[in-house]
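Here are the chains, one letter per residue:
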Amino acid sequence: MLLPIADATPAPGTSRVEMLVATTRKSALNPGELFSGERGNEVSYTDLAISIPPDAIRQAGTVQWPKSLPGNPATDFVALRAAPLERGQVAAWVGRGPKSARKRHVLVFVHGFNNRFEDAVFRFAQVVHDAGADVVPVLFTWPSRGSVLAYGYDRESTNFSRNGLETVLRDLAKDPNVGEITVLAHSMGNWLTLESLRQMAIRDRRVAPKIRNVILAAPDVDMDLARVAFHDMGKDRPRLTLMVSGDDQALAVSRLVWGDSVRLGAIDPGTEPYRSELERENIGVLNLTAVKSDDALNHGKFASSEVVALLGKRLADGQVISDSHIGFGDRIVQTAAGAASTVATGAALAVSAPVALIDPQTRETYGEHLRNVGRGVGDAMSSTADLATAPARAVMGQ
């Protein structure tokens, strides 16, 4: 997906997003993949340029994935440049960013669960383009295997990446060309963001003053752990904005997986004790429950056209948002995962098997699902005929 196209001549009407990518992922063997879902030994940096098709042929808030490689700039998101950078070259890269403001405004995006490297890159390019804000885009991407059954691995990868994100934020804050920093985190990326800022506050006795805004979009974070992070960041912490949605099905599944623990992104901000607590902590709230979404799980509303436009306007005015592409078979597996049992997951895999024959995305991840479930799948598939149809009915809305 990210192998730069041979003909870099801009197609008529296309747009270009230049971004800096910092990652704790391991380099991939395939040059077009750049980075895998495995964990690297250090933070790696890449200078990326992404071409976005003309606005007239695309729907705002969406990513147009290439139907065949290497992709067509006139209709698809494609890479124009992918050049490695050293840590010492980051300041020079930031310095060549938008010059309309005397001090540059950096937007750092931290993606969520189930994101391959190209998922995070194209989604952030879409957000930056559709927001229309004059910012310097910096993507921090952590090792996610891009599989709905790799939740545990992804969660531990956020903990693995805490020092890396803290280092990136600290370097940006020390850069004299940077005026302010906004951090936009989504889903599980909120846990990584809160932990990194908490570490910084404990280490330096405060979060770096240039980090002015932190936007927590659909945070997959235990409410009690969020309270601790807010406290440890101190009184001089950045302005926090919480994006919630009452119909977020992914967070509902997460709550079951974590033993019915309340997830920060799924609270009702208008009810107690949350209403008083949010006011006391001076945390702003954007309730996205009424926002329509093309995402079947209602977990990616932050990237919708209305929300991104609002984000862009607020960034421009200096005011106070899975993302992955998921196959039909993946949705069946994720529905079954809500039961948090090998039996239910095995049943979902049984239903997904024929889907994998016709759906490329399901076919790509099906083997990974099987490996993650392991030896328990065989017994589950042979003994759960009734359960096998329940996930399918749930996904079909029956």
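See the structure printed just above.
Residue numbers run consecutively from 1 along every chain, following the written order of its sequence. Totals for whole chains, interfaces and linings use every residue, but because this is a predicted model, local features are given only for residues with pLDDT of at least 70 and side-chain atom pairs only at 80 or more, for both listing and counting. To get the side-chain values, take all heavy atoms of the structure and skip hydrogens and water.

This paragraph deals with the overall build of the protein. Strands are runs of DSSP state E lasting at least two residues, helices are runs of H or I lasting at least four, and both sets are numbered from the N terminus onward. When you go through the protein residue by residue, the secondary structure sums to 14 helices and nine strands. Note on exposure labels: buried denotes an accessible area under 20% of the residue type's maximum, exposed denotes more than 50%, and partly exposed covers the range between, all computed with a 1.4 Å probe on protein chains only. Taken across its 398 residues, the protein has 56% of its residues classed as buried. Just so you have it, the protein exposes about 17,300 Å², and 53% of that area is on carbon and sulfur atoms. Only the protein chains shown count as cover for residues, and all accessible areas are computed by the Shrake-Rupley method using a 1.4 Å probe.

Moving on, we come to the pattern of salt bridges. For this analysis, a salt bridge means a side-chain nitrogen from Lys or Arg found within 4 Å of a carboxyl oxygen belonging to Asp or Glu. Counted according to the given criterion, the structure contains 20 salt bridges. Here Arg170 and Asp204 are joined by a salt bridge, their closest N and O atoms 2.3 Å apart. Separated by 34 residues along the polypeptide, Arg170 in helix H4 (residues 162–174) and Asp204 in helix H5 (residues 189–204) bring together distant segments of the chain. Taking the relative accessible area as the measure of exposure, Arg170 reaches 18% and is therefore buried. Residue Glu195 is joined to Arg198 by a salt bridge in which the shortest nitrogen-to-oxygen separation is 3.9 Å. Of the two residues, Glu195 and Arg198 are both situated in helix H5; the distance of three residues between them amounts to about one turn of the helix. Taking relative accessible area as the criterion, Arg198 reaches 24% and is therefore assigned partly exposed.

Right, let's talk about the pairing of strand S5 (residues 136–141) for a bit. Extensive coverage of S5 is indicated by the burial of six of its six residues. Residues of S5 alternate between two faces, with Val136, Val138 and Phe140 on one and Pro137, Leu139 and Thr141 on the opposite face, all of them buried. Strand pairing is defined by DSSP finding a minimum of two bridges between the two strands. For strand S1 (residues 15–27) and S5, the ladder comprises four bridges, and the chain directions are parallel. Along S5, the bridge assignment pairs Ala22 with Phe140. As judged from the five bridges shared by strand S4 (residues 104–110) and S5, these two strands associate in the parallel manner. Each residue of the ladder has a partner; that of Leu107, found in S5, is Pro137. A crossover counts as right-handed when, viewed with the strands pointing away from the observer, the path leading from the first strand over the helix to the second turns clockwise. The parallel pair S4 and S5 is bridged by helix H2 (residues 117–131), and the resulting crossover is right-handed.

The next subject is helix H6 (residues 223–233). Burial in H6 covers these residues: Met223, Ala226, Ala229, Phe230 and Met233. Viewed along the axis of H6, the buried residues span an arc of 115°, placing them on a single side of the element. Note on definitions: a residue-residue contact is assigned when non-hydrogen atoms from the two residues lie within 4.5 Å. Next to the buried residues of H6 lie H5, strand S7 (211–217), strand S8 (239–244) and helix H8 (274–280). Two N or O atoms form a polar contact when they lie within 3.5 Å of each other; inside protein one atom must be a possible hydrogen donor and the other a possible acceptor, and for residues adjacent in sequence the pair counts only when both atoms belong to side chains. Regarding H6, its N-cap is Asp222, as a side-chain oxygen of that residue lies 2.8 Å from the backbone nitrogen of Asp224 further along. Positive phi appears at Gly234, one or two residues downstream of H6, with a value of about 85°. Along the arc lie the directions from the helix axis toward the C-beta atoms.

Considering the arrangement of structural elements, one finds Val108 in strand S4. A relative accessible area of 1% means that Val108 is categorised as buried. Through-space distance from the C-alpha of Val108 to that of Val183 is 4.7 Å; in sequence the pair is 75 residues apart. Once you skip the residues sitting within four places of it in the chain, Val108 turns out to touch Val138, Leu169, Leu172, Ile181, Thr182, Val183 and Leu184.

Attention shifts here to unusual backbone geometry. Residue Leu69 is joined to Pro70 through a cis peptide bond whose omega torsion reads 10°. By secondary structure assignment, the location of Pro70 is in the loop between strand S2 (35–52) and strand S3 (78–85). Residues Glu272 and Pro273 are joined by a peptide bond in cis, for which omega reads 10°. The backbone of Asn282 shows a phi angle near 60°, a positive value even though the residue is not glycine.

Taken in spatial order, the nine strands of this open sheet run S3-S2-S1-S5-S4-S6-S7-S8-S9, and their pairing is mixed. Whereas interior strands pair on both sides, the edge strands pair on one side only; in this sheet they are S3 and strand S9 (284–287). When strand polarity is set aside, the average angle formed by the axes of neighbouring strands in this sheet is 20°. Strands in contact with H4 are S1, S2, S4, S5, strand S6 (178–186) and S7; relative to S6, the strand with the most contacts, it is inclined by about 155°. Think of each axis as a best-fit line through the C-alpha atoms, taken over the contacting stretch in the case of a helix, with angles from 0 to 180 degrees between the N-to-C directions.

This paragraph deals with the packing of H4 against H5. Across the interface, H4 lies against H5 with an axial gap of 9 Å and an inter-helix angle of 65°. The orientation of H4 with respect to H5, classified from their angle, is roughly perpendicular. Crossing hand, H4 versus H5: right-handed. Mapping the contact onto sequence places Arg162, Asn163, Leu165, Glu166, Leu169 and Arg170 in H4 and Leu192, Thr193, Glu195, Ser196, Leu197, Gln199, Met200, Arg203 and Asp204 in H5. Angle categories: roughly parallel below 35 degrees, roughly antiparallel above 145, roughly perpendicular from 65 to 115, and oblique for all the rest. By definition, any crossing whose near helix is turned counterclockwise from its far helix by less than a right angle is left-handed, and any crossing with a clockwise turn is right-handed.

This part takes up the pairing of S8. Across the six residues that make up S8, a large majority, five, are buried. Relative to S9, S8 is paired through four bridges, and the arrangement is parallel. Pairing of Leu242 across the sheet is with Val285, part of S9.

Okay, the nonpolar core next. What we call a nonpolar core is a set of buried Ala, Val, Leu, Ile, Met, Phe, Trp, Tyr and Cys residues that are connected through their side-chain atoms within 4.5 Å. Counting 51 residues, the largest nonpolar core has Ile181 and Ile211 as its most contacted members. If one sorts the elements of this core by residue count, H5 sits on top with six residues. In terms of nonpolar packing, the next biggest core, distinct from the first, is built from 30 residues, Met19, Phe35, Ile50 and Val121 among them.

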